[in-house]
Amino acid sequence: LFLPIALIYENPQTLKDRLFPTMMDDHFNSAKAAIKETGKWYQCPNGHPYFIGDCGGAQVEFTCTDCGTRVGGKNYKLVSQNVLLEKTEDDTRAGYLLIKANDVKNVPSGERSLSPASVRIIRVLLDISF
C-alpha cells in the first residue's frame, strides 16, 4: 500500500496508466458476467444499459433506473431511441480519478473484495497523496 503512495509523491507520471483500488470502474462487464440467462442488452437514449431476458424482445415498458427515461417496449417493438447495445470493451479508466463530493454515496459500499471501511481508508490515503 505504501509503495504506490511513495510513487505518487515521487513520480506521479509513472502511475497514470495504472488501475487504482477504490477508483470508479465500469460495472457493465461485471453485470454482464453475472447474468447467466439468455437475452439481449439495450441502452436507453442517455446511454444506460439494461437487459431483456428470454428471447430479448421488448414486452414491457419501464423506466431507466439511472435517468428515468422510458425503456423496454411492447409487442417486440422498442421504445424510440432505445438501441441494441453492442458494447464489448471495458471502459474502466486508468489513473487517479477525483470524484466530486456530490457523486459520492452517503452509504459507503465495498468494491471488488474490499469492505466499505477499507474502500474509504484507501480512498483517503490516495486523496491526500495527490
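Structure: see above.
Owing to the predicted nature of the structure, the values given are computational and were not obtained by experimental measurement.

K.L.:
Teacher, can you tell me more about the packing of aromatic side chains here?
P.N.:
Each aromatic ring pair is characterised by the separation of its centres together with the angle its planes make. Summed over all chains, the structure comprises 3 aromatic pairs. Taking the centre distance of 5.7 Å and the plane angle of 85 degrees together, the rings of Tyr50 and Phe62 count as edge-to-face. In this pair, Tyr50 is assigned in strand E2 (residues 49-53) and Phe62 in strand E3 (residues 61-63), connecting sequence segments 12 residues apart. Clustering of aromatic rings is evident, with ring pairs tying together Tyr42, Tyr50 and Phe62.

K.L.:
Is there a simple way to think about the nonpolar core in this case?
P.N.:
Most often, soluble globular proteins have nonpolar side chains that are buried together. In this structure, Tyr42, Cys44, Tyr50, Ile52, Ala58, Cys64 and Val71 together form the largest nonpolar core, which totals 7 residues. Those residues in contact with Tyr50 that sit more than four places away from it in its chain are Lys40, Trp41, Tyr42, Gln43, Cys44, Phe62, Val71, Gly72, Leu78 and Asn82. Membership of the second largest hydrophobic core comes to 5 residues, among which are Ile8, Leu15, Ile122 and Leu126.

K.L.:
Is there a simple way to explain unusual backbone geometry in this structure?
P.N.:
Note on backbone geometry: most residues besides glycine have negative phi, and most peptide bonds are trans. With a phi close to 60 degrees, Asp54 is a non-glycine residue in the positive phi region. Judged by its relative accessible area of 61%, Asp54 is exposed. Look at Asn75: it is not a glycine, yet its phi comes out positive at around 50 degrees. Within the secondary structure layout, Asn75 lies in the loop between strand E4 (70-74) and strand E5 (77-78).

K.L.:
Whenever I open this one, the pattern of salt bridges confuses me. Can you help?
P.N.:
Any two side chains of opposite charge can pair, on the condition that their charged atoms come close. Under the definition given, this model contains 1 salt bridge. The shortest N-O distance in the salt bridge between Arg70 and Glu61 comes to 3.0 Å.

Conventions used here
Residues numbered from 1 in each chain as written. Predicted model: local features only at pLDDT ≥ 70, side-chain atom pairs only at ≥ 80, totals over all residues. Heavy atoms only, no water. Phe/Tyr/Trp six-rings, centres within 6.5 Å; stacked < 30°, edge-to-face > 60°. Helix = DSSP H or I, 4+ residues; strand = E, 2+ residues; numbered from the N terminus. Core = buried A, V, L, I, M, F, W, Y, C linked by side-chain atoms within 4.5 Å. Buried < 20%, exposed > 50% of the residue type's maximum accessible area, 1.4 Å probe, protein only. Contact = heavy atoms within 4.5 Å. Salt bridge = Lys/Arg side-chain N within 4 Å of Asp/Glu carboxyl O.

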